[in-house]
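Chains, contacts and geometry: an overview
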Amino acid sequence: LSTADIISTVEFNYSGDLLATGDKGGRVVIFQREQESKNRPHSRGEYNVYSTFQSHEPEFDYLKSLEIEEKINKIRWLPQQNAAHSLLSTNDKTIKLWKISERDKKAEGYNLKEEDGRLRDPFRITSLRVPVLQPMDLMVEASPRRIFANAHTYHINSISVNSDHETYLSADDLRINLWHLEITDRSFNIVDIKPANMEELTEVITAAECHPNQCNVFVYSSSKGTIRLCDMRAAALCDRHTKFFEEPEDPSSRSFFSEIISSISDVKFSHSGRYMMTRDYLSVKVWDLNMESRPVETYQVHEYLRSKLCSLYENDCIFDKFECCWNGTDSAIMTGSYNNFFRMFDRNTRRDITLEASRESSKPRGILKPRKVCTGGKRKKDEISVDSLDFNKKILHTAWHPKENVIAVAATNNLYIFQDKMN
Amino acid sequence: MEFKVEAHRIMSISLGKIYNSRVQRGGIKLHKNLLVSLVLRSARQVYLNDYYQSVCLNAQQHWGQHQEVMDSDQPKSTSEPAGYTTPAAPAETTVHEPGLPAENTPPELTIDVESFTESHATAPTVEEVAEADYTESKEDKGSGSDCRRQQSSEPKGDAAPASSPAAIPMTEHLVPAKQIGPKGEEEKPQHDEGGYGEADADRGGDGDMVTETQLDNQPAASCSRKRRSSEKTPQPVSPVKKTKRAPSSTRTGEEEMDTANVSNLITIFGSSFSGLLSTDGTQTEAGGRDSGAGQICCDQVLKNLNPWTTVIVAF
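Reference entry: report on the structure contained in this document. (Residues numbered from 1 in each chain as written. Chains lettered and ligands numbered in written order. Predicted model: local features only at pLDDT ≥ 70, side-chain atom pairs only at ≥ 80, totals over all residues. Heavy atoms only, no water.)

Looking at the overall build of chain A
The secondary structure content of chain A amounts to 2 helices and 31 strands. Burial analysis of chain A (423 residues in total) assigns 53% to the buried set. When contacts within chain A are restricted to residue pairs at least 6 apart in sequence, those whose partners lie at least 24 apart make up 51%. (Helix = DSSP H or I, 4+ residues; strand = E, 2+ residues; numbered from the N terminus. Buried < 20%, exposed > 50% of the residue type's maximum accessible area, 1.4 Å probe, protein only. Contact = heavy atoms within 4.5 Å.)

Examining the environment of A:Ile100
As for its placement among the helices and strands, A:Ile100 is situated in strand β9 (residues 95-108). Ignoring anything within four residues of it in the chain, the contact list for A:Ile100 reads A:Ile30, A:Tyr50, A:Ser51, A:Phe53, A:Ala84, A:His85, A:Leu87, A:Val140, A:Glu141 and A:Ala142.

Focus: the nonpolar core
Grouped together as the largest cluster of nonpolar side chains are 41 residues, with contacts concentrated most on A:Phe257, A:Tyr281, A:Leu305, A:Tyr313 and A:Ile318. Of all elements in the fold, only α1 (258-262) and α2 (309-314) of chain A together with α1 (2-21) and α2 (30-69) of chain B reach the threshold of two or more residues within this core. A total of 11 residues in this core trace back to one element, the largest contributor, which is α2(B). The residues touching A:Tyr281, leaving out its near neighbours within four places in the chain, are A:Ile261, A:Ser263, A:His302, A:Leu305, A:Leu309, A:Leu312, A:Cys317, A:Ile318, A:Asp320, A:Phe322 and A:Tyr338. (Core = buried A, V, L, I, M, F, W, Y, C linked by side-chain atoms within 4.5 Å.)

Considerations on the side chain of A:His401
Residue and element names in this part refer to chain A. Within the secondary structure, His401 is located in the loop between β29 (397-400) and β30 (406-411). We classify His401 as buried; its relative accessible area is 2%. Beyond its immediate sequence surroundings of up to four residues, His401 is in contact with Phe12, Ser15, Gly16, Arg33, Tyr47, Gly328 and Val406.

A word on the pairing of strand β14 (residues 183-192) of chain A
The two faces of the sheet receive side chains in turn, since in a regular strand these alternate between them. Residue and element names in this part refer to chain A. Of the strand pairs in this sheet, strand β13 (residues 175-180) and β14 are connected by 5 bridges, and their pairing is antiparallel. In the strand pairing of β14, Arg175 is matched with Asp192. In this antiparallel pair of consecutive strands, β13 and β14, the connection spans 2 residues. (Pairing = 2+ DSSP bridges.)

Points about the environment of A:Arg118
Residue and element names in this part refer to chain A. Mapped onto the fold, Arg118 is located in the loop between β9 and β10 (132-148). Among the residues examined, Arg118 registers a relative accessible area of 54% and is labelled exposed. Every residue in contact with Arg118, bar those within four places of it in the chain, is listed here: Leu112 and Lys113. Reaching out from Arg118, the side chain makes a polar contact with the side chain of Asp116 at a distance of 3.1 Å. (Polar contact = N/O pair within 3.5 Å; in protein donor to acceptor, adjacent residues only side chain to side chain.)

Structural notes on the pattern of salt bridges
All names here are of chain A. Enumeration over the complete set of coordinates arrives at 35 salt bridges over all chains. With its nearest N and O atoms 2.8 Å apart, the salt bridge here joins Asp288 to Arg274. Of this pair, Asp288 sits in strand β21 (residues 283-288) while Arg274 sits in the loop between β19 (266-269) and β20 (275-279), placing them 14 residues apart in sequence. Here Arg274 falls in the partly exposed class, since its relative accessible area comes to 41%. Three or more residues joined by partner-sharing salt bridges are found here, namely Asp5, Asp23 and Arg27. (Salt bridge = Lys/Arg side-chain N within 4 Å of Asp/Glu carboxyl O.)

Some words on the packing of aromatic side chains
The description of two aromatic rings rests on the distance between their centres and on the angle between their planes. In total, this model carries 18 aromatic pairs over all chains according to the counting rule given. Taking 6.0 Å as the distance between ring centres and 5° as the angle between the ring planes, the aromatic pair formed by A:Tyr168 and A:Trp179 counts as stacked. Note that A:Tyr168 is positioned in strand β12 (residues 167-171) and A:Trp179 in strand β13, a separation of 11 residues in sequence. In this pair, the class of A:Tyr168 matches that of A:Trp179, namely buried. Ring geometry for B:Tyr47 versus B:Tyr51: centroids 6.2 Å apart, planes at 15°, classification stacked. (Phe/Tyr/Trp six-rings, centres within 6.5 Å; stacked < 30°, edge-to-face > 60°.)

Examining the pairing of β20(A)
All names here are of chain A. Burial within β20 is extensive, with 5 of its 5 residues counted as buried. Side chains Tyr275, Met277 and Arg279 project from β20 onto one buried face, and the interleaved Met276 and Thr278 project onto a second face that is buried too. In the sheet, β19 pairs with β20 via 4 bridges, with the strands oriented antiparallel. Residue pairing for β20: Asp266 is matched across the bridge by Arg279. Sheet analysis places β20 next to β21, joined by 5 bridges and oriented antiparallel. Across the sheet, Arg279 pairs through a bridge with Val284, a residue of β21.

Encoded structure:
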C-alpha cells in the first residue's frame, strides 16, 4: 500500500455529475457520471475517471526548515459558469484554483505550419485555406488558474466557497482568511484566535464553513467542542462571535481523553441552511442554528469505543478526523467509522444502519448487508466484536450526491460508490 | 494506585507522541500537540494527586508515631499537615476535574533521571518535598534553592517506605527526563532569554501559593509549584538533567523510551524556541527547528524550560 494513494478528500460538484477525490500524493482524480443511454441501460450512473492531475507537489520551506506535505486536505467545487469546471484544492499551505476543460476538436489546415507543428516554407505556399475544426478524441485538461499562497502560517484544515460565488474562506489552526476568487495577492483575515502569548493557547480552529445561502454568515468549530457562528457584517475582524454553540459536558463521563473526543473534526451546514452538523470522535450532532445551548439531535457513531479510548490514544486513532455529510434533502446524515464501516442515520425515522465498504462485501450490483458490532456478551452470528475491528481501515471521508441517493465512500486508497437500487 | 500507574503510562506515551511529532512530515501539528499536552496535564494531575494521597496517608501514620515521641512544644510540625487539605479531597476533585486550578496543590515530585537507566532499581527514585516537611524540617536539601538538582540522597528514613512503592512502577514506566510539577520562583532569575523568559516571569507571579506558603520556609518550599489561574494552561515542567549521555539511537518501544532522547527533545524544543519569540508572534511559528547554535546556550537553561509549553510556543 503506497501511502500516496490514500484518499484524503471526496467531494461531489453541484450537479453531482462530477466527483473529485484528492490523495496524499497531491493528486486529484475526477470521476464523471455516465449519461443514460439506451444501449447500455445498466451503466447509468456509473462514475468513470474523467481527469487526473497533480495538484500539489511537496515543498520545502527553507526559512522554517519545514517540509510542506502535498496531501490534498480539501477540495471544493465552484459553481459552474461556463463549459469548464472549476474547483479549489488545498494542501497545508497553498490553495489552488483549477480549471478543468474539455477539448474535443482541433483546428487543422493552418497555412503557416504543418500538422505536426513544423513551420512551412512560405515560398512553398501557393494558396490560402481556412483552418477547419475537426473532431478529436476527448481530452480533458486541467490548468491552475489561480494560486493563493503564503497566507497561512498554520496548517489549512478547511476551505469553503461562499454563496456569493465570488469569495471563499480558508481556515487554519488559528486564523480564517477571506479571499476573492480573482485576487491572489491578498486576503482578509476575518478570525484570529492566536493568543498574544502562545503558552496560553487552549483551543484551535478545526473546521469552518460558509453558510449555504447567507453570504455574510460562516461558522467555525474548535478543538474544545464549540462552534461559533459569525456575521461578517458585524465587524471586519470576526473575533467576537454572533452565536456560540456548546453542549455542557456530562461530568460523569469525564476521563483523561474527554477533551480529545470532544474536539470537533467536521462541521457542515444542512442544504437548507437551518441546521448544522458537527462530528466529534464518538458522535454526530445536529444543531438548530436558533438554539445555542445544545444540539437538537445526537447520534452515536461507535459508542463501544468509549471504553477503549486509552488504546485508541496509544495507536493515535483517537486523533482521526472523521467527516460527515448530509443527503440532498437533509433527511439523512452519514459518517464513517473503523473496519471500513460507515453509518447512516435517518433523521425522521431515527433508524440507523451500519454498512461496510470492502471488496469482499460489495459485489457490483449486489446489495450491501447491514453490519453490526457486538458490544458485549454473546456475539451473534454475523456480528463482529469490538476487539476484531480493524482500526487501520478507517473511513474518514464520505460524500453524498446533492440530489440523488448516490454516495461516495473513501476507504483508505479505494473509492466506493454506492447507489440506491432502482426499482 | 492503579490511577497512578495508568496516569504514569499515559504521561510517558504522551511525551513520546510529542517527541515523535518533531520528525513527522509536514511539520508539527499544532492541534494534535495541543490535545496531547492536555492529556499529559490531566494524567500528571491524577498522578500527583494519587501519589500525594498515598504519601499523606503514610505521613500521617508516621506522624501518629512521631507525636508520641516528640514533645508537645513543637506545635509547628503538627500544623503542617493541616496546611494541606485532606488527602482524599484533592485526589477526588482533581481526578474528576483535572482542568481546574488546584488550590490543594500536591507537592511536586522530583524524578531522578539517573534512576531511569535500566540498572537502577535500588535507590528510592522519588523524593517527596512534602515528606521532608512532614518529617524533620531540618532535612538537608543540598543546594536548597534548586530542588530539582537534588540527588537521590537519602530522604528521611521515614519517607523511604513511602517513596519506594512509587519507585517501582516508575522504573518500569519511564517518564522521561522531566520533573513533574515545579517551576516556581527559582526559575525566574534565570529566565532571561528572549521572550520566553518574559513569559515565564509573567507566569511566576500568578497562581495560588496559599498552601505552599503555609509550609515552613525551607528552600524546599520555594520549589512549590505555582498554578496559574487559567485553568487550561499546561503546567510547566522542568526537565532534570543529571547526566549528559550520548543520545542513544535505538528505541525499543514507547514504554522504554530512552531518557536521553527525551532530553534531546527538550534541548531541541528549547533551541527551536530561543530567539524565535522575539518581537512578534510570527517568528515563533517555526515548528521545531533544530538550530545548533541555539542548542548550546539552551543546554544551560534547559532546566528552566518546560517541554509542554515549549511545544506550543515553538509554533
